[in-house]
Amino acid sequence: MLMTMDPHLLRTFVTVARLSSFSAAARELGYTQSAVSQHIAALEGDLRTELLTRRPVEPTPAGVRLLEHAAPLLLRLDAARADVLRLASAPPGRITLAASPLAVGPRLLAALPATGVTLRVLPPAEVPAAVATGDCDLGLVDGPAAPSDPLRLPDVAPLAVTGVAEEELAVLLPAGHPLAGRAAVRLDDLADARWLDAPGVGVPPGLARTAPALRYEGTDLRTLCALAAAGHGLALLPLRVARTAGAGVAVPLDAPRLVHRTELLSPGNLTGAAAALAARLAGGSPYGP
């Protein structure tokens, strides 16, 4: 039933809900406010229920449920459009590569050509969608995983996924931490620890069993490491990053057996410079640094 909805009406609804304003949504979408109101009324008429309260503009319980469905539906439509356009278009003269902050490592730096590439650093959760919708030609995303296991990525489109690097993980501790002198540490040893919540960088507080100490919404790794070194919360990082933080103590993770994995995301019809860069990124051992 949802698949038969007019995507224009659905996109208008998502925009109004995000901005909490009919007039702001009209400006962003390039419609009149009257047209936006008509779109919402038509969608509510189709579903026979109110989706938004008007004062204030907020989603109703039915609207909240529709939003849960709308985001992946619209993303799939955008991804399908981008996939078809790639087949019909000439290869781009300039490549845009999306990368999560911790995916910007030695392999990427060695593979980048001197010119012709725009590097866009995004939070890990945004990289798959950026590639699927055609905003970026390639993507590098990272996260913790069991050795040789793929990352758990959102199913946004039929993207090709290639493992390009696996690295040892470490916990970044403040210098005075009781475990800072250990040769290695288990997460069980840190069951009561406070962890930084840094979704823009990809540090996963879910590996710990306690609530995070501080939420950091940036993507700068130096700031993140400084927060951990100053005692605002622990961070789980690739060992090479933790050791070059400039402060704090990097203690390798011993158990559970996890690695920091980086994967290359690409559409299935790469040509030209994008195909060449993808080959350089994926070349050699997939488990190198």
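Residues numbered from 1 in each chain as written. Predicted model: local features only at pLDDT ≥ 70, side-chain atom pairs only at ≥ 80, totals over all residues. Heavy atoms only, no water.

Caption draft 1: Quick look at the packing of helix α1 (residues 7–19) against helix α3 (residues 33–47). Between α1 and α3, the shortest axis-to-axis distance is 9 Å and the interhelical angle comes to 110°. Considered as vectors, α1 and α3 are oriented roughly perpendicular to each other. In the crossing of α1 with α3, the sense of the turn from one axis to the other is left-handed. When α1 is examined against α3, the residues His8, Leu9, Leu10, Thr12, Phe13 and Val16 are found in contact with a partner set consisting of Val36, His39, Ile40, Ala42 and Leu43. Broken down by class, the residue content of the contact of α1 with α3 amounts to eight nonpolar, three polar and no charged. (Axes fitted to C-alpha atoms, helices over the stretch in contact; angles between N-to-C directions. Helix = DSSP H or I, 4+ residues; strand = E, 2+ residues; numbered from the N terminus. Parallel < 35°, antiparallel > 145°, perpendicular 65-115°, else oblique. Left-handed = near helix turned anticlockwise from the far one by under 90°. Contact = heavy atoms within 4.5 Å. Nonpolar A, V, L, I, M, F, W, Y, C, P; charged D, E, K, R; others polar.)

Caption draft 2: Highlighting the packing of helix α2 (residues 22–29) against α3. At their nearest, the axes of α2 and α3 sit 8 Å apart, and the two run at 105° to each other. As far as their axial angle goes, α3 and α2 are roughly perpendicular. Here α2 contributes Phe22, Ser23, Ala25 and Ala26 to the contact with α3, which in turn contributes Gln33, Val36, Ser37 and Ile40. Classifying every residue of the contact of α2 with α3 by side-chain character gives five nonpolar, three polar and no charged.

Caption draft 3: Here's a closer look at the environment of Pro150. You can see Pro150 is positioned in the loop between β5 (138–145) and β6 (160–173). In this structure Pro150 comes out as exposed when scored by relative accessible area, which is 55%. Spatially, the C-alpha atom of Pro150 lies 42 Å from that of Arg48, the residues being 102 residues apart in sequence. Excluding its chain neighbours within four sequence positions, the residues that come into contact with Pro150 are Ala145, Arg261 and Glu263. (Buried < 20%, exposed > 50% of the residue type's maximum accessible area, 1.4 Å probe, protein only.)

Caption draft 4: Quick peek at the environment of Thr15. Mapping Thr15 onto the fold places it in helix α1. Considered as a pair, Thr15 and Asp189 are 174 residues apart in the sequence and their alpha carbons are 45 Å apart. Within the local environment of Thr15, its side chain forms a polar contact with the backbone oxygen of Arg11, the two atoms lying 2.8 Å apart. (Polar contact = N/O pair within 3.5 Å; in protein donor to acceptor, adjacent residues only side chain to side chain.)

Caption draft 5: Summary view of α2. Of all the positions in α2, only Phe22, Ala24, Ala25 and Ala26 are classed as buried. Buried positions along α2 lie against α1, α3, β1 (52–54) and β2 (57–59). Phi for Gly30, located one or two positions after α2, is positive at around 80°.

Caption draft 6: How the structure looks around helix α7 (residues 221–229). The complete set of buried residues in α7 reads Leu224, Cys225, Leu227, Ala228 and Ala229. Against the buried residues of α7 lie β6, β8 (196–197), β9 (214–215), β10 (235–238) and α8 (239–243). Between the side-chain oxygen of the N-cap and the backbone nitrogen of Arg222 there are 3.2 Å, and the N-cap of α7 in question is Asp220. One or two steps after α7, the chain reaches Gly231, where phi turns positive at roughly 90°.

Caption draft 7: Quick peek at the nonpolar core. If you look at the biggest cluster of nonpolar residues, it comprises 18 residues, and the most contacted ones within it are Leu10, Phe13, Val16, Phe22, Leu43, Leu52 and Leu66. At five residues, the largest contribution of residues to this core is made by α1. Judged by nonpolar contacts, the second largest core, of 17 residues, contains Leu224, Leu227, Val241 and Ala242. (Core = buried A, V, L, I, M, F, W, Y, C linked by side-chain atoms within 4.5 Å.)

Caption draft 8: Summary view of the pairing of strand β4 (residues 117–121). Looking at chain direction, strand β3 (residues 95–99) and β4 are connected through five bridges and run parallel. Directly across from Leu97, in β4, lies its bridge partner Leu119. This β-α-β element, β3 to helix α5 (residues 106–111) to β4, shows right-handed connectivity. (Pairing = 2+ DSSP bridges. Right-handed = clockwise from strand over helix to strand, strands pointing away.)

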